[in-house]
Protein chains: 2
Amino acid sequence: MKESALILANGLFDSVFAKTTHGLLRGPSKYEIAGVIDPTHTGQDAGFILDGQKRDILFYRSVSHALEYVQPTHCVIGVATVGGKLPRLLREDLLTAASAGLILVNGLHQLLSEDAEIAEVAQERIIDLRKPRPASELHFWTGEIFSIPTPRIAVLGMDCAIGKRTTAMLMQKKFTELGMHAEVIYTGQTGWLQGLKYGFIFDATLNDFVSGELEHAIVNCYRETSPDVILLEGQSALRNPAGPAGSELICSAQSAGVILQHAPARTHFEDFEHLSHTLPPLSEEIELIRLLGSEVWGISLYTQGLDQDESAKLSAELEELYGIPVARPLEDGIDRFVSIIQEKLHHDH
Amino acid sequence: MKESALILANGLFDSVFAKTTHGLLRGPSKYEIAGVIDPTHTGQDAGFILDGQKRDILFYRSVSHALEYVQPTHCVIGVATVGGKLPRLLREDLLTAASAGLILVNGLHQLLSEDAEIAEVAQERIIDLRKPRPASELHFWTGEIFSIPTPRIAVLGMDCAIGKRTTAMLMQKKFTELGMHAEVIYTGQTGWLQGLKYGFIFDATLNDFVSGELEHAIVNCYRETSPDVILLEGQSALRNPAGPAGSELICSAQSAGVILQHAPARTHFEDFEHLSHTLPPLSEEIELIRLLGSEVWGISLYTQGLDQDESAKLSAELEELYGIPVARPLEDGIDRFVSIIQEKLHHDH
């Protein structure tokens, strides 16, 4: 039997903080989803609230409420917070879940195994995804990437929480439908929760080993599965002041092309709306990616804050301006990105 | 009495692997240097071998040899290795030093406190500079950097081991001579060993907290010392595939300007001479830094592999080509960088 989990979203389901919950609902998920905890939606269908697609997964107001109806094996924290601290309002649900014998799955920096109160109740039934691994278990970059023939495509973004992982997962699905074998290298805890086999938790890795862990994941993936294409999940953004990232995916993984996530209606970096610092322009990002050694093959629009007409119009305008395929994954699908990747890779051979 | 140390360079003194040793000899140093261990130079003056300046510090062939002549309190590993592994040939000297009651100071990723044999002899007398700190002790980036009026200048480089820290230290010295107060934020173990107060070990920090630790060091430095200028020691290079770095110093620290270290005779990234991958051109790096949000104010030449005439000629050519002051720190000094920084900052006020 597949393991099943309650997902804690506790009042944050309608925000980007719950992107892990959204990803698991959209699927795939390592665990069958037994329910989502969020009192603002008690009794509603979580899939329907997410994107209008009924998924027969209900919201419950608390873990104890859910346990009256379902028998899950795991309890997953489905919210991310700035700096990875454990929100106080999750504590009671975590303790209830632990008391009921569920395995707690935590993707926050703050480790449940180091929380005296929770660890006492949960004992060994804790999976801390972001528990840092020591240097002795990590890989340094070697350059072996240059001998891996499978092309790498990086999904980068202009910001955090802008749809990078979703686009990568949708592309993998499409490649599969076309009879091609695509693997996604995860770089965040949600990818692991979605059941991806190759990858590492980028932000919980000692800085000196990020490039090496990325290379190692790609090399392992190639050796064990020989895919046609490897998609790399990006983190943060090249110029996100809270933690610039992405050059590893270009320089260390030697990505042939980039699909770039862009949120046209967003003006500030996620969580830093109070700063005067605004998001840099898309045109610069395209040039930056070229200078780092890759090329933007597709622009993927995160349409929050725009209506259908606005985003469709903008999509067409950007495509004309840059001469690069533009699509809105959730509205248009990602077929055009898959096509351009196939076309570009075909040209190289 | 100032603490004093033996520095282990064990056969690597003449290579860039001993850059920590070189930095400590050039000074400043947290510890008075009692001697350098390297059997290839036994009996010679370490300063004289380094740069022709006698410093009354001798080379000894081993720790036990040195202990016949000097009474140090510490023993510092003065070599860095790819991936931070402990070279086997240091083991005997470390054990001898530990047996003699010296405190072992280690900047490698491989922790002496986790080496059963060494830890048994040294007990608590171990300082592991790169021992990772847990997330709970680390700072996330907040944006407070935007309220710090002291200008930040980043010293970046086209590669590792190319003179970034040396240039930063020389500039600090020059500012002091001019009656200005400059602080250097260290980002590597050598900076700490040189007695710098503000900074963190970049590559031993969990990736999500690199930007925050950098911001925190700058904020603390500003609050406690109110300097006229803050110099940031760069690590690696923006496009070093083994671990790209530097965008944090521009985006997260909001550096006003950059002094860029360039090694004209170097063709490959340090330690990766066997790869086909070559160093990218200087012109692209200047543009990359502009796109990341800063500006190259000075180009600093690392002249290894060039004779005096060649490097002087190249220096003049590059200056004409880019219209940016170019200097060779060890031959010309860094006065021109200090002047251009003063000039640029003066224009801003």
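Look a little higher up for the structure.
First, a word on what this report is: a plain description of the structure on this page. Note that this is a predicted model, so its numbers are computed, not measured.

Picture the strands of a sheet paired through backbone hydrogen bonds; they go either parallel or antiparallel. Residues and elements named next belong to chain B. With parallel pairing, six strands are arranged side by side in an open sheet as E8-E9-E7-E10-E11-E12. Either end of the sheet is taken by a strand with one partner, and the two such strands are strand E8 (182-185) and strand E12 (326-327). In the sheet, strand E7 (residues 152-157) pairs with strand E9 (residues 229-233) via four bridges, with the strands oriented parallel. Pairing of Val 155 across the sheet is with Glu 233, part of E9. Packed onto the sheet, helix H10 (residues 282-292) meets E7, strand E10 (257-262) and strand E11 (296-301) and runs at close to 160 degrees relative to E10.

Attention now moves to unusual backbone geometry. In this chain, A:Gly27 is followed by A:Pro28 through a cis amide linkage whose omega measures -5 degrees. Its identity is not glycine, yet B:Gln123 carries a phi of approximately 55 degrees, on the positive side.

By size, the foremost hydrophobic cluster in this structure holds 102 residues, and its most contacted members are A:Ile185, A:Ile218, A:Leu260, B:Ile185, B:Ile218 and B:Leu260. Those residues within four positions of A:Ile185 in sequence are excluded, and the remaining contacts are A:Tyr198, A:Gly199, A:Leu214, A:Ala217, A:Ile218, A:Cys221, A:Ile230, A:Leu231, A:Leu232 and A:Glu233. Judged by nonpolar contacts, the second largest core, of 67 residues, contains A:Ile57, A:Phe59, A:Leu193 and A:Ile340.

All names here are of chain B. The tally for this structure, following the rule as stated, stands at twelve aromatic pairs over all chains. Residues Tyr 60 and Tyr 69 carry aromatic rings whose centres are separated by 5.8 Å and whose planes lie at 20 degrees to one another, so their mutual orientation is stacked. Ring geometry for Trp 141 against Phe 146: centres 6.3 Å apart, planes inclined by 85 degrees, an arrangement best described as edge-to-face. What makes Trp 141 buried here is its relative accessible area of 2%. Since its relative accessible area comes to 32%, Phe 146 is described here as partly exposed.

Let's shift gears to the interface of chain B and chain A. With 41 residues of chain B at the contact, the number on the chain A side is 41 residues. Interface area, chain B with chain A, both sides summed: about 3,500 Å², of which 65% is carbon and sulfur. Here chain B is connected to chain A by two salt bridges. We note a salt bridge from A:Asp208 to B:Arg130, for which the minimum N-O separation is 3.8 Å. Counting every contact that joins chain B to chain A gives eleven residue pairs in polar contact (both at pLDDT 80 or more). Elements supplying a minimum of two residues to the side of chain B that touches chain A: helix H8 (210-225), helix H9 (247-252) and H10 of chain B. Among the residues forming the side of chain B that touches chain A, the class breakdown is 21 nonpolar, 13 polar and seven charged.

Before going further, it helps to spend a moment on the pattern of salt bridges. Think of it this way: side chains of opposite charge can pair up when their charged atoms draw near. All names here are of chain B. The tally for this structure, following the rule as stated, stands at 40 salt bridges over all chains. Close ionic contact of Arg 55 with Asp 51 constitutes a salt bridge, the shortest N to O distance being 2.9 Å. On the basis of relative accessibility, which here comes to 32%, the residue Asp 51 falls in the partly exposed class. Of the charged contacts, one joins Arg 133 and Glu 213 as a salt bridge, the two residues approaching to 2.6 Å between their closest N and O atoms.

Here is what the cut-offs are and how they apply
Residues numbered from 1 in each chain as written. Chains lettered and ligands numbered in written order. Predicted model: local features only at pLDDT ≥ 70, side-chain atom pairs only at ≥ 80, totals over all residues. Heavy atoms only, no water. Pairing = 2+ DSSP bridges. Helix = DSSP H or I, 4+ residues; strand = E, 2+ residues; numbered from the N terminus. Contact = heavy atoms within 4.5 Å. Axes fitted to C-alpha atoms, helices over the stretch in contact; angles between N-to-C directions. Core = buried A, V, L, I, M, F, W, Y, C linked by side-chain atoms within 4.5 Å. Buried < 20%, exposed > 50% of the residue type's maximum accessible area, 1.4 Å probe, protein only. Phe/Tyr/Trp six-rings, centres within 6.5 Å; stacked < 30°, edge-to-face > 60°. Buried area = accessible area lost by both parts, 1.4 Å probe. Salt bridge = Lys/Arg side-chain N within 4 Å of Asp/Glu carboxyl O. Polar contact = N/O pair within 3.5 Å; in protein donor to acceptor, adjacent residues only side chain to side chain. Nonpolar A, V, L, I, M, F, W, Y, C, P; charged D, E, K, R; others polar.

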